[in-house]
Amino acid sequence: MAAGEGTRLRPITERWPKPVLPIDGKPVVVTLVHDLAAAGCERIVVVTGYLAEQVEALLEPLPYDIRFVRQPPGQGSADAVLRAQATPPYLVVAADNVFAEGDLARFAREGAGLDGAIALHRTSEHREDRPPLWLVGPRVHGFLDPLPGKAPYELHDVFRNATDAGAKVSAIQVGRTRDLTDPADLVRQNFPYLQ
């Protein structure tokens, strides 16, 4: 999911979309796509929106089977997943996160055969945060259409509805993630000597 406006990172994101900003000097979305491919993902759908052309231009040259889908603003994570038209089971990842080496592959293995899974993680500041990674199995996928509630349609509502109906969803611990949430994160993730 790479469609958000990144409003907490303004004014930087007035010019560049959050997924093209760097962690360790590399665009976070490029690192994520390489990691997904290394984890065995054969097809990657990137849902773009805000400043979509920049994200798409950065990823098009990569040597993977990547497809792009555009999402209008304010529609939420569940809408992004529905627009991707993926066949379950599949992973859903927020495009502003970098995971510890091997965590994506381990998450996919541990979630195999489940109706769904949600990653439990800690950010670089050791605070619990929203899940950056989900596994959507066929049963949870069935709760995407129709989308729950009203816009923005959120993936956590889909998972809640699925678990309320008896779906087996596990929480799987992943290592520390690194993300870009506010301007200070951009500095911390790229200039550690300034801490």
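Coordinates for the structure precede this section.
Everything quoted here is computed from the prediction, not taken from an experiment.

### Describing the overall build of the chain
Then, number 1: On a plain count of helices and strands, the chain comes out with 7 helices and 10 strands.
Then, number 2: Relative to the globule expectation of 16 Å for 195 residues, the C-alpha radius of gyration of the chain, 16 Å, shows essentially globular dimensions.
Then, number 3: With the principal axes as the frame, the chain shows a C-alpha extent of 50 × 30 × 30 Å.
Then, number 4: Residues classed as buried in the chain amount to 45% of the 195 residues present.
Then, number 5: Sequence-distant contacts, at least 24 apart, represent 68% of the contacts inside the chain between residues at least 6 apart.
Then, number 6: Just so you have it, the chain exposes about 9,800 Å², and 53% of that area is on carbon and sulfur atoms.

### What to know about the environment of Val46
Then, number 1: Take Val46: it is sitting in strand β3 (residues 43-48).
Then, number 2: Between the alpha carbons of Val46 and Tyr193 there is a distance of 33 Å; along the sequence they are 147 residues apart.
Then, number 3: The contact partners of Val46, leaving out residues within four places of it in the chain, are Ala2, Val55, Leu59, Ile66, Arg67, Phe68 and Val69.

### Regarding the sheet that holds strand β8 (residues 133-136)
Picture the strands of a sheet paired through backbone hydrogen bonds; they go either parallel or antiparallel.
Then, number 1: Judged by pairing direction, the sheet is mixed, and its 4 strands sit side by side in the order β5-β8-β7-β9 without closing on themselves. Single-partner strands in this sheet number two, and they are β5 (90-93) and β9 (169-173). Strand-to-strand twist in this sheet, taken as the mean axis angle between neighbours without regard to direction, amounts to 20°.
Then, number 2: Across 5 bridges, the pairing between strand β7 (residues 116-120) and β9 is parallel.

Conventions we followed
Residues numbered from 1 in each chain as written. Predicted model: local features only at pLDDT ≥ 70, side-chain atom pairs only at ≥ 80, totals over all residues. Heavy atoms only, no water. Helix = DSSP H or I, 4+ residues; strand = E, 2+ residues; numbered from the N terminus. Rg over C-alpha atoms; globule rule 2.2 N^0.38 Å. Buried < 20%, exposed > 50% of the residue type's maximum accessible area, 1.4 Å probe, protein only. Contact = heavy atoms within 4.5 Å. Areas by Shrake-Rupley, 256 points an atom, 1.4 Å probe, with all protein chains shown as cover. Pairing = 2+ DSSP bridges. Axes fitted to C-alpha atoms, helices over the stretch in contact; angles between N-to-C directions.

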